[in-house]
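Summary of the model geometry
The primary structure of each chain is shown beneath.
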Amino acid sequence: MLNIILSSISQGFLWAVMAIGVYIMYRILDIADLSAEGTFPLGAVVAARAIAAGLSPWLAIVLSLAAGMITGILAGFLHTKMKIPGLLTGILILTGLYSINLRVLGAPNITLLGKETVISQLRTIIDDRNVAALILGITVTLIITLMLILFLKSELGLALRATGANEVMAVANAIATDSMKIIGYALSNGIIALSGALLAQNYGYADVGMGIGTIVIGLASIIIGERLLGTSSLSRSLLAVVFGAVIYRVVIDAVLYLGVNPQDIKLYSAIVLAIVLWLGHRTQDNNSRKGKSYVAQT
Amino acid sequence: MLLKLDSIKKTFCPQTVNETAVLTDLTFYVEEGEFISILGSNGTGKSTLLNLIAGIERPDEGEIEFCGQNVLKQSPRKLAADIGRVFQDPKSGTAENLSIQENLAIASRRGEKITLRRGVSHQAKINFRNALADLGLGLENRLSAPVGVLSGGQRQVLTLLMATLKKPRLLLLDEHTAALDPATSQIVSEMTDRIVKQHGQTTLMVTHNVDAAIKYGSRLIMLNRGRIVADVRGDEKKSLCKDEVLALYHNEIDWE
Ligand SMILES: Nc1ncnc2c1ncn2[C@@H]1O[C@H](COP(=O)(O)OP(=O)(O)OP(=O)(O)O)[C@@H](O)[C@H]1O
Ligand SMILES: [Mg+2]
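Residues numbered from 1 in each chain as written. Chains lettered and ligands numbered in written order. Predicted model: local features only at pLDDT ≥ 70, side-chain atom pairs only at ≥ 80, totals over all residues. Heavy atoms only, no water.

**Brief notes about the pairing of strand β6 (residues 83-86) of chain B**
Residue and element names in this part refer to chain B. On β6, burial covers both faces: I83 and R85 on one face and G84 and V86 on the other are all buried. Looking at chain direction, β6 and strand β7 (residues 170-174) are connected through four bridges and run parallel. Counted as the bridge partner of I83 is L170 from β7. (Buried < 20%, exposed > 50% of the residue type's maximum accessible area, 1.4 Å probe, protein only. Helix = DSSP H or I, 4+ residues; strand = E, 2+ residues; numbered from the N terminus. Pairing = 2+ DSSP bridges.)

Have a look at this one:
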């Protein structure tokens, strides 16, 4: 039982990394980007393939990050320079990536059994598998959250946030809004791919289908976190996302534990998100909270 | 000559049922240091005019020259480095998720290279606090409050401060007091006048407030149906009375 909870929480932290990436697009840039559905498995398959080829698992993570960022730059280019709406940009990216992910993997799935992963490396110091995964998850989440907060409070970060918050104001203040959006896309998709690389190593395999539902998990994490912790400051909002991701994972695993068929889990994920959105919308209507309603924009 | 507009034509949605000929033949020059009030009924194209100058909209015909450069060949972002703007809608000029000091920090670097340095430095905070204290609205104690919690008037004052922080070559004000209560509107108008006088700030101010247009500014322009129907300056402007200006509005109605 303790093991199940521990494993659930550690996975929650690894998913939190992905949710932070989603947060950058949805909350900071205010663009409904679905690329995550393609860049998350991209990160997983790039890492798996690199590890299978004998590269260091850490180098594999760096390669995934780079692959995600390049995809993000491409997505940003489609959206800003080719003027393709955000939603469609995401659909194009995730569709195109499906074929690319298949090619990278060379097979529908790869197992990392017996290969050296970051988890197996950590286990030479920490005996328990779940504790190792938990330490990895917390460390990576912490580092990424801190770096992101520092970035978002830098001159460049302010310009990026202003672009998402009010484009008229951003242009009036001579901010290069297109470049800011491309940077946001790159950052978001890089982080999401990195999360894919970590989870593939944690699961010990990668397959091309593992991206399905990524956006649902990301949005559910953001909204649950925001409902529970609030958004009074930037740091708090990001902590809320992490917290939301962990809670969401625990809820889903609890549903599985109750004996739900794993094959139905995506359905339950979608239902949980629908309920959270509905509840969020209702309370938002009631206290007419500041800020935009999620339902309206997605 | 700081700004030249020559035979500007602008039609929205041409060749559709929604076709609107906004500016039909507009020509006027702005000298450095002028403070021009622009009057005109709703929908005559005043906001469109300011957007053309800022490069946000492009004219169908005509030339616009700003600081000796062709505006049509420049991006809105390049132009923004030398142009400060306050908009009709108080929400347009500030980013509501960002704090007061973060908004000011962005404005304080308008046109400069942005880096990965800290967005709001310690020194900048002190400067912002002083600048806000001068306004007397108590905003200096709320530097880290998100702009979204401010009232429309407070946001408009903040936008005006942001627009003038970097001493732009040209200041464009679009009915910047329209959404404000009479008292705040008065404060903002006087603040505008003070800034303009202090720095000899070249300013175009669109307004529906005839009293303000008469009281402030060195020149008054009346737009109607995409043309200038009155252009008053110097002593003539000083001796202008409200009835004369109102008569200009009524003339328009006669023509329609
Ligand atoms: N982007 C646009 N697309 C189509 N029509 C537009 C657009 N912008 C403005 N118009 C039309 O052009 C005309 C002039 O608009 P503009 O906003 O410049 O008027 P205004 O003089 O600023 O009016 P107000 O005093 O009400 O602010 C209006 O009829 C408006 O409907
Ligand atoms: Mg207008």
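**Quick word on the coordination of the magnesium ion (ligand 2)**
All names here are of chain B. For the magnesium ion (ligand 2), the full set of protein donor atoms is S47 (OG) and Q88 (OE1), and the range of their distances to it is 1.9 to 2.5 Å. One end of the pair, S47, is in helix α1 (residues 46-53); the other, Q88, is in the loop between β6 and α3 (100-108), and 41 residues separate them in sequence. Judged by its relative accessible area of 25%, S47 falls in the partly exposed class. Residue Q88 is classed as partly exposed on the basis of its relative accessible area of 36%. (Donors = N, O, S within 2.8 Å, 3.2 Å for Na, K, Ca; no water.)

**Topic: the pairing of strand β9 (residues 219-224) of chain B**
Residue and element names in this part refer to chain B. Where burial is concerned, most of β9 is hidden: six out of the six residues are buried. Burial of the side chains of β9 extends over both faces: R219, I221 and L223 are buried on one face and L220, M222 and N224 on the other. Across six bridges, β9 lies against strand β10 (residues 227-233) in antiparallel orientation. Counted as the bridge partner of R219 is R233 from β10. Counted along the chain from β9 to the antiparallel partner β10, the turn is two residues long, and its residue R225 has a positive phi close to 45 degrees.

**Focus: a nonpolar patch on the surface**
Judged by side-chain polarity, L267, Y268, I271, I275, W278 and L279 of chain A come together as a nonpolar surface patch covering roughly 580 Å² of accessible area. By the secondary structure assignment, I271 of chain A is in helix α12 (residues 265-287). (Patch = residues over 30% accessible without salt bridge, like charges linked within 9 Å, V, L, I, M, F, W, Y side chains within 5 Å. Areas by Shrake-Rupley, 256 points an atom, 1.4 Å probe, with all protein chains shown as cover. Salt bridge = Lys/Arg side-chain N within 4 Å of Asp/Glu carboxyl O.)

**Description of the sheet that holds strand β8 (residues 203-206) of chain B**
All names here are of chain B. Here we have six strands laid out as an open sheet, ordered β6-β7-β8-β3-β9-β10, and mixed in their pairing. With one partner strand each, in any of the chains shown, β6 and β10 form the two edges of the open sheet. Each strand of the sheet is rotated relative to its neighbour by a mean of 15 degrees, with strand direction disregarded. Across four bridges, the pairing between strand β3 (residues 35-39) and β8 is parallel. (Axes fitted to C-alpha atoms, helices over the stretch in contact; angles between N-to-C directions.)

**Considering the packing of helix α3 (residues 57-80) of chain A against helix α9 (residues 177-203) of chain A**
All names here are of chain A. The N-to-C vectors of α3 and α9 enclose an angle of 145 degrees; their axes lie 6 Å apart at closest approach. The two elements α3 and α9 cross, and the hand of that crossing is right-handed. By residue class, the composition of the contact of α3 with α9 is 16 nonpolar, nine polar and two charged. (Left-handed = near helix turned anticlockwise from the far one by under 90°. Nonpolar A, V, L, I, M, F, W, Y, C, P; charged D, E, K, R; others polar.)

**Thoughts on the nonpolar core**
In terms of nonpolar packing, the biggest core is built from 126 residues, with V22 of chain A together with I100 and L132 of chain B touching the most fellow members. Examining the composition of this core, we find that 15 residues originate from one element, helix α1 (residues 2-28) of chain A, more than from any other. The residues touching V22 of chain A, leaving out its near neighbours within four places in the chain, are A36, S188, I192, I215, G218, L219 and I222 of chain A. Residues L26, A54, V71 and I83 of chain B belong to the second largest nonpolar core, which totals 27 residues. (Core = buried A, V, L, I, M, F, W, Y, C linked by side-chain atoms within 4.5 Å. Contact = heavy atoms within 4.5 Å.)

**Digging into the environment of I38 of chain B**
Residues and elements named next belong to chain B. With respect to the helices and strands, I38 occurs in strand β3. For I38, a relative accessible area of 1% puts it in the buried group. It is 13 Å that separates the C-alpha atoms of I38 and K215, two residues lying 177 residues apart in sequence. In contact with I38, other than residues within four places in its own chain, are K46, L49, L204, M205, V206, T207, I221 and L223.

**What about the site of ligand 1?**
Residues and elements named next belong to chain B. Taken together, 14 residues are adjacent to ligand 1, and G43, K46, S47, T48 and H208 come closest. T48 places a polar side-chain atom, nitrogen or oxygen, 2.5 Å from an oxygen atom of ligand 1. Its free accessible area being 630 Å², ligand 1 has 65% of it covered by the protein chains. In terms of residues, the shell around ligand 1 owes the most to one element, α1, which gives three residues. Considering only residue class, the shell around ligand 1 consists of three nonpolar, nine polar and two charged. (Near = heavy atom within 4 Å. Polar contact = N/O pair within 3.5 Å; in protein donor to acceptor, adjacent residues only side chain to side chain.)

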